[in-house]
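Breakdown of the fold
So the chains spell out like this:
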There are 2 protein chains.
Amino acid sequence: MLSIKEIAKLADVCPATVSRVLRHPHLVSEEKRDRVNSIVKQTGYVPNNLAVNLRNTKTYKIMAIIPEVIRAYNNVIIRSMQDIAIEHGYSVLLGDTQSLQSREKAFADMARTREVDGIVLFCSRFPFDIDHTVDLATQLPPMVHACESTDMLGIPKVNIDNVAAAREGTEYLASLGHKLIGVVAGHSLTPSTESRLAGYRQAIDSANINYNPNLISTGNYDLNMAEEATQYLMSLRPRPTAIFAFSDEMAIGCLSALHKLKIKIPEEVSVLGFDGISYGPFLNPALSTVAQPLQQIGQACMQLLLPQLNGEPMQDCNRVLPHELVIRQSTAPAPVY
Amino acid sequence: MLSIKEIAKLADVCPATVSRVLRHPHLVSEEKRDRVNSIVKQTGYVPNNLAVNLRNTKTYKIMAIIPEVIRAYNNVIIRSMQDIAIEHGYSVLLGDTQSLQSREKAFADMARTREVDGIVLFCSRFPFDIDHTVDLATQLPPMVHACESTDMLGIPKVNIDNVAAAREGTEYLASLGHKLIGVVAGHSLTPSTESRLAGYRQAIDSANINYNPNLISTGNYDLNMAEEATQYLMSLRPRPTAIFAFSDEMAIGCLSALHKLKIKIPEEVSVLGFDGISYGPFLNPALSTVAQPLQQIGQACMQLLLPQLNGEPMQDCNRVLPHELVIRQSTAPAPVY
DNA sequence: CGGGATCCTGTAAGCGCTTGCATAATATTC
DNA sequence: GAATATTATGCAAGCGCTTACAGGATCCCG
């Protein structure tokens, strides 16, 4: 592989001049500039960024650590983060952890090892092996904790109010006359799921509906699981008249199960999703959902990260963004028997 | 930020010893090993990988360059690539290009700048600014070209036989008695779309159906576009009795449009997708599709990349993997009037 | 025409790490 | 107990790059 030295030799200048041609061309005479540029072009020379970044202690890379990149939910978030990052000269690398802690750590460590300048974390666990007996909080790399954030060493957070969002979703269903509202929840251990369950409970209680834990089915964010959960809910007597799925993707599984059972949506059973993914309007029936402000989430992540990348200290803040109930065709008043 | 020198000083050894403790602990006496380890732990020292990688000219990172990470289609591919990579000590970074050439190049250049060891390219364009008058093919970084590969400087390729796949899909529809088969195609410029259109054409011709270009609608891989295209196709007289969507995601858009038009699937119109995404069975009706061997694609990419990462020269090969027609509920014999 | 400003270029240090080599200390062998 | 093998450690070079610094040309001005 070609190095700056060899280019320098070929162009009959010193390495410093080659570097200047590439980084600060105005400092170099036209003659040498042309000579160097033509050699660079001929040879296809590209500087070794490991060396450049080592020297400059800066990579202009941001790592986004995501449990399952593929979830439709991430789409707009990723896009908006990336657009802002690029505007500011950074690129975004995505790390798909498959919800495995080992991978979360591996990707997060790229910041401590200087391979990226900062990270945006969409997982709930703290991703570093740090001895908490020592005050190492100061050694945290630039980072933002999004969507699943708990209190964590003063790391800035981006969230929605999951409790309120789930409460409002549930209240909406209750206001349609539903008394038996099944829940298809996600990973039972994640903060967002916990909060949403709490919100559901609040709404149930204040609507004077009897809380029935049998109506709650936790699992993961998979379609399969949602389908099974729905079958189970539909086997109950009395049967729920509404299902609140804690993600739109799971809602698709609910719809699928209901179709197979020949249960009419929304006439017999209403389905409410969560997230606001772009598929929603295209489902049959179009999915009512508690929409997250996906674009704003991405933007907020960058707004909180960029100052840190510029050397400003971490601010312990929690940016809570507004959710929105989007009513389409999958929800309707509870059937009257 | 802590460097190896400071750790060395604190542990009262030389930097080389610290390095040895971290990389080849058996070379160091227990006494110093313990001393160094305890300092490392206390201080939370982590080696600067830019320096390590510069020194070792190796990063153990692979960049996967993907037009739109979010497409369900990528799910299994990414997962299988990543699993194999990790087995071999590599991690996979995902680059989402939003189909923008500038981003494809930016990510691909990370290999030439040594920030990653190799790349897997899921886009169709050549991602480097290389002067083709010079023989620079030899300077290509380790790479594999997947899913959208054309002949390109001897870069190993992973593909399915898109012509045959689309032909078989079309033949299947024709065998059900469909004579008017609409197509909702993807980006008109990508090799895969071109090949699939060619395969469609072959099947149409050999079934002695009159080829009608009006039935072909190209756009992108979006749901919206697919929905519009479907509306358009359904406005034609005589109306197509089948739609072949060149991705399952677009097929969702077709289903959605048909539902809105109250057209029965598959009684009045059959819908055939392409890809075999995991949503397929959960749609209403469950989607028939030409499935790609997604897991095998991911595996093949790694099988072709790993040898290159070990220094073996690029082999100009084209690994063509088998597709499979998966028949579910969205296709049926053409209606008889 | 001398002195200062301006422009250009090379020298060399250093970013943080790893490892070949040399040396020193210790163990092993006959 | 001398010769040899083994083990442990430090020294220093070098991975490829950037930039502060200094020195040599060139120019401008009175």
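Note that the structure is predicted; figures quoted are calculated from it, not measured.

Cut-offs and rules
Residues numbered from 1 in each chain as written. Chains lettered and ligands numbered in written order. Predicted model: local features only at pLDDT ≥ 70, side-chain atom pairs only at ≥ 80, totals over all residues. Heavy atoms only, no water. Near = heavy atom within 4 Å. Polar contact = N/O pair within 3.5 Å; in protein donor to acceptor, adjacent residues only side chain to side chain. Helix = DSSP H or I, 4+ residues; strand = E, 2+ residues; numbered from the N terminus. Nonpolar A, V, L, I, M, F, W, Y, C, P; charged D, E, K, R; others polar. 1 Å grid on protein atoms, 1.4 Å probe; cavity = no way out; pocket = protein on both sides within 12 Å on 5 of 7 lines; lining within 4 Å. Points joined across faces, edges and corners; volume = space filled by probe spheres on them. Buried < 20%, exposed > 50% of the residue type's maximum accessible area, 1.4 Å probe, protein only. Contact = heavy atoms within 4.5 Å. Salt bridge = Lys/Arg side-chain N within 4 Å of Asp/Glu carboxyl O. Expected span 1.5 Å × (residues − 1). Pairing = 2+ DSSP bridges. Arc of directions from axis to C-beta. Least-squares fit on C-alpha atoms with pLDDT ≥ 70 in both. Buried area = accessible area lost by both parts, 1.4 Å probe. Core = buried A, V, L, I, M, F, W, Y, C linked by side-chain atoms within 4.5 Å. Phe/Tyr/Trp six-rings, centres within 6.5 Å; stacked < 30°, edge-to-face > 60°. Domains from an automatic or database assignment.

Taken together, the neighbourhood of DNA strand C is formed by 26 residues, with Arg20 of chain A together with Ile4, Arg23, Tyr45 and Arg55 of chain B sitting nearest. When atoms of DNA strand C within 4 Å of the protein are split into backbone and base, the sugar-phosphate part holds 67%. One of the side-chain N or O atoms of Arg23 of chain B is found 2.5 Å from a phosphate oxygen in DNA strand C. Elements that contribute at least two residues to the surface near DNA strand C include exactly helix H2 (15–23) and helix H4 (49–56) of chain A together with helix H1 (4–11), helix H2 (15–23) and helix H4 (49–56) of chain B. For the surface near DNA strand C, a count of residues per class yields 12 nonpolar, seven polar and seven charged.

Turning to the layout of surface pockets, a few remarks are in order. Approximately 1,100 Å³ is the volume attributed to the largest pocket. If you list the elements that add at least two residues to the lining of the largest pocket, you get helix H6 (101–112) and helix H11 (294–309) of chain A together with H2 and H4 of chain B. In this structure, the second largest pocket encloses a volume near 820 Å³. As for the second largest pocket, its lining consists of 34 residues, and the residues nearest its centre are Leu2, Val46, Pro47 and Asn48 of chain A together with Arg114 of chain B. Those elements that provide at least two residues to the lining of the second largest pocket are H2 and H4 of chain A together with helix H6 (101–112) and helix H11 (294–309) of chain B. Residue contributions to the lining of the second largest pocket peak at five residues, all from H4 of chain A. Per-class residue counts for the lining of the second largest pocket are 17 nonpolar, 10 polar and seven charged.

What follows is about the side chain of Thr113 of chain B. With respect to the secondary-structure elements, Thr113 of chain B resides in the loop between H6 and strand S3 (118–121). Taking relative accessible area as the criterion, Thr113 of chain B reaches 8% and is therefore assigned buried. Separated by 3.3 Å, the side chain of Thr113 of chain B and the backbone oxygen of Met110 of chain B make a polar contact. Excluding residues within four positions of it along the chain, Thr113 of chain B makes contact with Val46, Pro47, Asn48, Asn49 and Leu50 of chain A.

When charged atoms on two side chains of opposite charge get close, those side chains can pair. All names here are of chain B. Considering all chains together, one arrives at 29 salt bridges over all chains under this definition. Note that Arg35 is salt-bridged to Glu31, the shortest N-O span being 2.8 Å. Placement of both Arg35 and Glu31 in helix H3 (residues 30–43) is noted, with a separation of four residues, approximately one turn of the helix. Between Arg112 and Asp109 there is a salt bridge, with the nearest N and O atoms lying 3.6 Å from each other.

With that settled, the discussion passes to helix H5 (residues 74–87) of chain B. Helical periodicity: at 3.6 residues per turn, an α-helix aligns residues three or four positions apart in one direction. With 14 residues, H5 of chain B extends 20 Å from end C-alpha to end C-alpha; this agrees with the ideal 20 Å at 1.5 Å per step. Within the span of H5 of chain B, buried status applies to Asn74, Asn75, Ile77, Ile78, Ser80, Met81, Gln82, Ile84 and Ala85 of chain B. Check the buried side of H5 of chain B and you find it contacts strand S2 (91–96) and H6 of chain A together with strand S1 (61–66), strand S2 (91–96), S3 and H11 of chain B. One or two residues past the end of H5 of chain B sits Gly89 of chain B, with phi positive at roughly 90 degrees.

Residues and elements named next belong to chain A. What you see with strand S5 (residues 157–160) is no split at all: Lys157 and Asn159 on one side and Val158 and Ile160 on the other are buried throughout. Note: strand S4 (residues 143–146) against S5, two bridges, orientation parallel. Each bridged residue has a counterpart across the sheet, and for His145 the counterpart in S5 is Lys157. Strand direction decides the pairing type here: S5 and strand S11 (residues 318–321), joined by four bridges, are parallel. Considered in S11, the bridge of Asn159 is made with Val320.

Before going further, it helps to spend a moment on H2 of chain A. Residue and element names in this part refer to chain A. Turning to H2, its buried residues are Thr17, Val18 and Val21. Buried residues of H2, viewed axially, fall in a sector of 105 degrees; they line one side. On its buried side, H2 packs onto helix H1 (4–11) and helix H3 (30–43).

The two copies are related by a screw motion: chain B maps onto chain A through a turn of 180 degrees and a shift of 0.0 Å along the axis, at an RMSD of 0.1 Å. The transformation relating the two chain copies, once decomposed into turn and shift, fits a two-fold axis. Same-surface contact between copies: 100% of interface residues of chain B are shared with the interface of chain A.

Before going further, it helps to examine the environment of Asn162 of chain A. Relative to the assigned elements, Asn162 of chain A resides in helix H7 (residues 162–175). Note: C-alpha distance between Asn162 of chain A and Lys5 of chain A (157 residues apart in sequence) is 57 Å.

Facing 57 residues of chain B, the contacting portion of chain A comprises 57 residues. The largest per-residue losses of area from chain B upon contact with chain A belong to Leu50, Ile70 and Phe282 of chain B, which jointly make up 16% of the total buried on that side. Summed over the shared surface of chain B and chain A, the number is four salt bridges. Asp83 of chain B is the salt-bridge partner of Arg103 of chain A, the closest N and O atoms lying 3.0 Å from each other. With seven residues, the single largest contributor to the side of chain B that touches chain A is H5 of chain B. Residues that form the side of chain B that touches chain A fall into these classes: 24 nonpolar, 19 polar and 14 charged.

This brings us to the nonpolar core. Val184 of chain A together with Val184 of chain B are the most contacted members of the largest nonpolar core, which totals 153 residues. Ranked by size, the runner-up nonpolar core spans 36 residues in total, among them Phe107, Leu140 and Ile155 of chain A together with Ile119 of chain B.

Right, let's get into the pairing of strand S6 (residues 181–187) of chain B. Residue and element names in this part refer to chain B. Burial runs high along S6: six of the seven residues are buried. Sheet topology places S6 next to strand S8 (residues 242–245); four bridges connect them, and they run parallel. Residue pairing for S8: Ile181 is matched across the bridge by Ala242. In this sheet, strand S7 (residues 216–219) lies alongside S6 in parallel orientation, the contact comprising three bridges. Bridge assignment links His187 to a residue of S7, and that residue is Gly219.

For the rest of this paragraph, the subject is the protein's contact with DNA strand D. The full set close to DNA strand D counts 25 residues, and Ile4, Ser19, Arg23, Tyr45 and Arg55 of chain A are the nearest of them. Considering the 4 Å shell around the protein, atoms of DNA strand D inside it are sugar or phosphate in 67% of instances. Between DNA strand D and Asn48 of chain A there is a distance of 3.0 Å, counted from a phosphate oxygen to a backbone nitrogen or oxygen. Arg20 of chain B is positioned such that a nitrogen or oxygen atom in its side chain is 2.7 Å from a base oxygen of DNA strand D. Every element with two or more residues in the surface near DNA strand D is listed here: H1, H2 and H4 of chain A together with H2 and H4 of chain B. In the surface near DNA strand D, the residues fall into 11 nonpolar, seven polar and seven charged.

Attention shifts here to the packing of aromatic side chains. Inspection of every chain in the model, using the stated rule, returns 13 aromatic pairs over all chains. Taking the centre distance of 5.6 Å and the plane angle of 80 degrees together, the rings of Phe126 of chain A and Phe128 of chain A count as edge-to-face. For Phe128 of chain A, a relative accessible area of 4% puts it in the buried group. The interplanar angle of 85 degrees and the centroid separation of 5.6 Å between the aromatic rings of Tyr279 of chain A and Tyr279 of chain B together place this pair among those described as edge-to-face.

The next point concerns the domain arrangement of chain A. Here the domain parsing of chain A yields domain 1 (4–47), domain 2 (58–160 + 294–322) and domain 3 (162–292). Between domain 1 of chain A and domain 3 of chain A, the C-alpha centre-to-centre distance is 63 Å.

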